[in-house]
Amino acid sequence: MTPFERRTRRAQSRLVDVGADVLALSPGRNCYYLSGVDRDQSDRLSLLVVPADGDPTFVVPTLDAASIRATTWVDDVWTWDDETGPGPALDTALADHSPSRLLLADRMWTQFSLALRERLPDASFGLASEVLAPLRRRKDDAELSALRSAAAAADATMRDVRALGADAVGRTERDLSAYVEKRLAAHGGEGVAFDTIVGAGPNGADPHHASGDREIRAGDPVVLDFGTRIDAYPSDQTRTVVFDGDPPAAFERVHDVVREAQAAAVDAVEPGTTTGAVDRAARSVIEDAGYGDRFVHRTGHGVGLDVHEEPNVVAGGETELEPGMVCSVEPGVYLTDRFGVRIEDLVVVTEDGAERLNRTDRGWRC
Ligand code: ZN
Ligand code: ZN
């Protein structure tokens, strides 16, 4: 049985548990998770129909059928063409199950969810995440292996970036960002998992700075936050480095504090610990150093097919960590108009603690 089929069977038993009959998924992360079909939604309806009992069915436009059949374990692929529209194929796929409660892909386009509601006026509807989010929180071996590969590509890229040393001075953020993306691809990555962040000097104080035209100067702290995908799974890693020269006053101290906070939070990760306790471990180090009000975001987020997914590592978070969960640990301190420092690694919750997926140097000196 493929990992995709195994997940589908588990989803089917959860469907029964929550009193729903059918999962109806348009292309997207949840559809990929169960079927292996990795594509975007388009104006032509494609739908994976997973009943509580029996085998799943795809309803797809004729022109996409061959490529979908080639990438999925799902045998039943019903097609529709542009003259007839998807209605009859959809009716056939749903008829066997006469669903009374359907769970729809959370990010299905409204035009498709409304069409389903019109076809099934007596049914009730909910979100697929009700069944799939709890499954996706704990990664299986295939997922962990993809996440490890993506993290290794990010680590190798970070080593390449450090090796630039003084050669990075004079390059723009945008230029360095393009270099990062080229190296990610050279290390086996497919595209970027999110917009690459290169924040030099004061720009590093904006946690989501978009790489721009600022030239990197000697002594600039530079925040680099980037990720790629391998086998559909992302990496997400941050380092703050100084390529050449002496950093501004207070930078070394702030970097030490963030590094200590990050280590404390990673040390706190183990099964049974709450996400709130992990956040507290990082935040208390930063508060004790007097920078509590400059740590302006949560300590981390779950990572899987989505770069941001459950569980959030947030103040007061009550989710208990379980083996197989993967999250980022990324405390930061942001001093407006001066510089920012963030250090981020992904960690897997293991049976007795945590495994760091990112292992490159966390220091600031290149
Ligand atoms: Zn990041
Ligand atoms: Zn992150």
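Structure report, in brief. (Residues numbered from 1 in each chain as written. Chains lettered and ligands numbered in written order. Predicted model: local features only at pLDDT ≥ 70, side-chain atom pairs only at ≥ 80, totals over all residues. Heavy atoms only, no water.)

## Quick notes on the overall build of the protein
Then comes step 1: Per the secondary structure count, the protein includes ten helices and 18 strands.
Then comes step 2: Its C-alpha atoms give the protein a radius of gyration of 23 Å, within 12% of the compact-globule value 21 Å for 366 residues.
Then comes step 3: The proportion of buried residues among the 366 residues of the protein is 57%.
Then comes step 4: Looking at the protein alone, contacts between residues at least 24 apart form 68% of all its contacts between residues at least 6 apart.
Then comes step 5: Positive and negative side-chain charges in the protein, numbering 40 and 63 respectively, have mean positions lying 3 Å apart. (Helix = DSSP H or I, 4+ residues; strand = E, 2+ residues; numbered from the N terminus. Rg over C-alpha atoms; globule rule 2.2 N^0.38 Å. Buried < 20%, exposed > 50% of the residue type's maximum accessible area, 1.4 Å probe, protein only. Contact = heavy atoms within 4.5 Å. Lys, Arg positive; Asp, Glu negative; His and termini not counted. Charge placed at Lys NZ, Arg CZ, Asp CG, Glu CD.)

## Focus: the side chain of glutamine 12
Then comes step 1: Relative to the elements of secondary structure, glutamine 12 occurs in helix H1 (residues 3-17).
Then comes step 2: Polar side-chain contacts of glutamine 12 include one of 2.7 Å to the backbone oxygen of glycine 54.
Then comes step 3: Apart from the residues lying within four places of it in its own chain, the contact partners of glutamine 12 are Val50, Pro51, Ala52, Asp53 and Gly54. (Polar contact = N/O pair within 3.5 Å; in protein donor to acceptor, adjacent residues only side chain to side chain.)

## Some thoughts on the coordination of the zinc ion (ligand 1)
Then comes step 1: Those protein atoms acting as donors to the zinc ion (ligand 1) are Asp225 (OD), Asp225 (OD), Asp236 (OD) and Glu344 (OE), and they sit at 2.0 to 2.5 Å.
Then comes step 2: Here the zinc ion (ligand 1) binds four donor atoms, and the angle range of 56 to 148° at the metal identifies the geometry as irregular.
Then comes step 3: Between the donor residues of the zinc ion (ligand 1), the gaps in sequence give the motif D-x10-D-x107-E.
Then comes step 4: For the pair the zinc ion (ligand 1) and the zinc ion (ligand 2), the metal-to-metal distance amounts to 3.2 Å, and aspartate 236 bridges them. With aspartate 225 in strand S8 (residues 221-226) and aspartate 236 in the loop between strand S10 (233-234) and strand S11 (237-242), this pair connects stretches of sequence that are eleven residues apart. For the pair aspartate 225 and aspartate 236, one class covers both residues: buried. (Donors = N, O, S within 2.8 Å, 3.2 Å for Na, K, Ca; no water. Tetrahedral: all angles 85-135°; square planar, octahedral: opposite > 155°, others 65-115°.)

## What about the coordination of the zinc ion (ligand 2)?
Then comes step 1: Protein coordination at the zinc ion (ligand 2) comes from Asp236 (OD), His301 (NE2), Glu330 (OE) and Glu344 (OE), with a distance range of 2.1 to 2.2 Å.
Then comes step 2: Site description for the zinc ion (ligand 2): donor spacing in sequence, D-x64-H-x28-E-x13-E.
Then comes step 3: A residue is classified by how much of its surface remains accessible, and glutamate 330, at 9% relative accessible area, is buried.

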